[in-house]
Amino acid sequence: MVLHDAYGAPWAIDVPSAAELRPLLGAAPDVHVVPFHLVREGAFELRVAGAGNHPVGHREVAICAGGQAHRMQRGEPMTACSLASILAGSGPAPAAGDSGARTMLVCGVFMLRATPTNPLLLALPAVMTLPTDDEASAPMLVHATEMLMLELQRTDLANGSFAAARILELFCAEALRAYQAEAADRVGWFGGLADPKVGQALALVHADPGHRWSVPVLAGRVALSPSRFAARFRERVGESVGAYLTRWRMTVACRLLTDTEDSIAGIAERSGYGAVSSFTRAFSASLGIPPAEWRRRARRSSAPL
């Protein structure tokens, strides 16, 4: 879903939370809906309760990964239009106009299949704002943006198309890559990926989550002492090796429970647990329900009506 329009100030649009957008867009329950707002001309202010106000300028994109409801506005209008009613065709959109400050927007969503323990989503801020015209630092994002605009000129992206879906995937991937470069010096998942030793350890864990990993084993693989590796991992990622390993294994287990017919015992083994009982305890502690119940809920929610 992509909307493309121009608004003359003052105007405001209320965007519902990701949980409310999901059924409006017909997305599956395991899909994380991430709205984005790309400014092609002008500017606006994005207001998120609890996450502050974010000015978004010319050729910038605001990506709302936190899933909170938010308001887009320019000036101080008397009332705000509802995106939910616009999508449903039951409410007015802000009138486009040539008077006053004009803002041309491309708004849409990225549909990401993700579990609650996915490290990528947990590492993203509630709102990130990125330039889409910086050839020096993010040339592929510039090209993906231009491809999106070219597709807008020939296709009704509100109804989607195969090409548009692929372009949106590329646009999303390049935006995340640009943010990764920007966040490389910060504590967190992206900071860990940027560190040669910690990034190597993360790659090992991701490639084979069922391996009997431990601090000494991983330290040996990246040529550091166990104490130095453990300290460096916590310093760069912001959590212990054990905590991260458990979270990643739960992410893998959730996907296996949803996408395969493997037995709970088989998933426990593939997730690095020798006994079903220990796997069930870890899963319940992380997700709040046992793995068998997770699977039942996932299948019930995805069953055809």
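Heads up: the structure comes first, above all this text.
Quick caveat: nothing in here was measured; it's all calculated off a predicted structure. (Residues numbered from 1 in each chain as written. Predicted model: local features only at pLDDT ≥ 70, side-chain atom pairs only at ≥ 80, totals over all residues. Heavy atoms only, no water.)

Caption draft 1: Here's a closer look at the sheet that holds strand E6 (residues 60-63). Overall, antiparallel pairing links the five strands, which are arranged E1-E9-E3-E6-E10 in an open sheet. One side of each edge strand has no neighbouring strand; the edge strands of this open sheet are strand E1 (2-8) and strand E10 (128-131). Strand after strand, the sheet turns through a mean of 20 degrees between neighbouring axes, direction not considered. Where helix H5 (residues 162-182) meets the sheet, its contacts fall on E1, strand E3 (31-41), E6, strand E9 (102-113) and E10, and the angle it forms with E10 comes to roughly 100 degrees. (Pairing = 2+ DSSP bridges. Helix = DSSP H or I, 4+ residues; strand = E, 2+ residues; numbered from the N terminus. Axes fitted to C-alpha atoms, helices over the stretch in contact; angles between N-to-C directions. Contact = heavy atoms within 4.5 Å.)

Caption draft 2: Up close: the sheet that holds strand E2 (residues 11-15). With mixed pairing, the five strands of this open sheet are ordered in space as E5-E4-E7-E2-E8. The strands lining the two open edges of the sheet, one partner per strand, are strand E5 (52-56) and strand E8 (81-82).

Caption draft 3: Geometry of the nonpolar core. Ranked by internal contacts, the top residues of the largest apolar core, which has 63 residues, are Ile63, Phe229 and Phe283. It is helix H10 (residues 241-259) that contributes the most residues to this core, 10 residues altogether. Other than its neighbours up to four places away in sequence, Phe283 contacts Met250, Ala253, Cys254, Leu257, Gly288, Ile289, Pro290, Pro291 and Trp294. Counting 22 residues, the second-largest nonpolar core is a separate cluster that includes Phe44, Leu46, Cys64 and Leu105. (Core = buried A, V, L, I, M, F, W, Y, C linked by side-chain atoms within 4.5 Å. Buried < 20%, exposed > 50% of the residue type's maximum accessible area, 1.4 Å probe, protein only.)

Caption draft 4: Broad picture of the environment of Glu41. As for its position among the elements, Glu41 is in strand E3. Sequence-wise, Glu41 and Glu60 are 19 residues apart; in three dimensions their C-alpha atoms are separated by 9.5 Å. Leaving out residues up to four positions away in the same chain, Glu41 has contacts with His58, Arg102, Thr103 and Met104. Of the polar contacts made by the side chain of Glu41, one reaches the side chain of Arg102; its length is 3.0 Å. (Polar contact = N/O pair within 3.5 Å; in protein donor to acceptor, adjacent residues only side chain to side chain.)

Caption draft 5: Spotlight on helix H12 (residues 276-287). Spanning 12 residues, H12 covers 16 Å between terminal C-alpha atoms, matching the ideal 16 Å at 1.5 Å per step. Regarding H12, the residues found buried are Phe279, Ala282, Phe283 and Leu287. With its buried residues spanning 105 degrees around the axis, H12 presents them on a single face. Turned more than 90 degrees away from the buried face of H12 sit Arg281 and Ala285, all of them exposed. (Expected span 1.5 Å × (residues − 1). Arc of directions from axis to C-beta.)

Caption draft 6: Main features of the pattern of salt bridges. Inspection of the entire model under this criterion finds 17 salt bridges. Taking the shortest distance from any N to any O, the salt bridge between Glu45 and Arg47 comes out at 2.6 Å. In this structure Arg47 comes out as partly exposed when scored by relative accessible area, which is 29%. The partner of Arg59 in a salt bridge is Glu146, with the nearest N and O atoms 3.9 Å apart. (Salt bridge = Lys/Arg side-chain N within 4 Å of Asp/Glu carboxyl O.)

Caption draft 7: Expanded view of the environment of Thr129. By secondary structure assignment, the location of Thr129 is in strand E10. Assessed through its relative accessible area of 25%, Thr129 is described here as partly exposed. For the pair Thr129 and Met104, spaced 25 residues apart in sequence, the C-alpha separation works out to 17 Å. Residues within four places of Thr129 in sequence aside, it is in contact with Pro55, Val56, Glu60, Val61 and Ala62.

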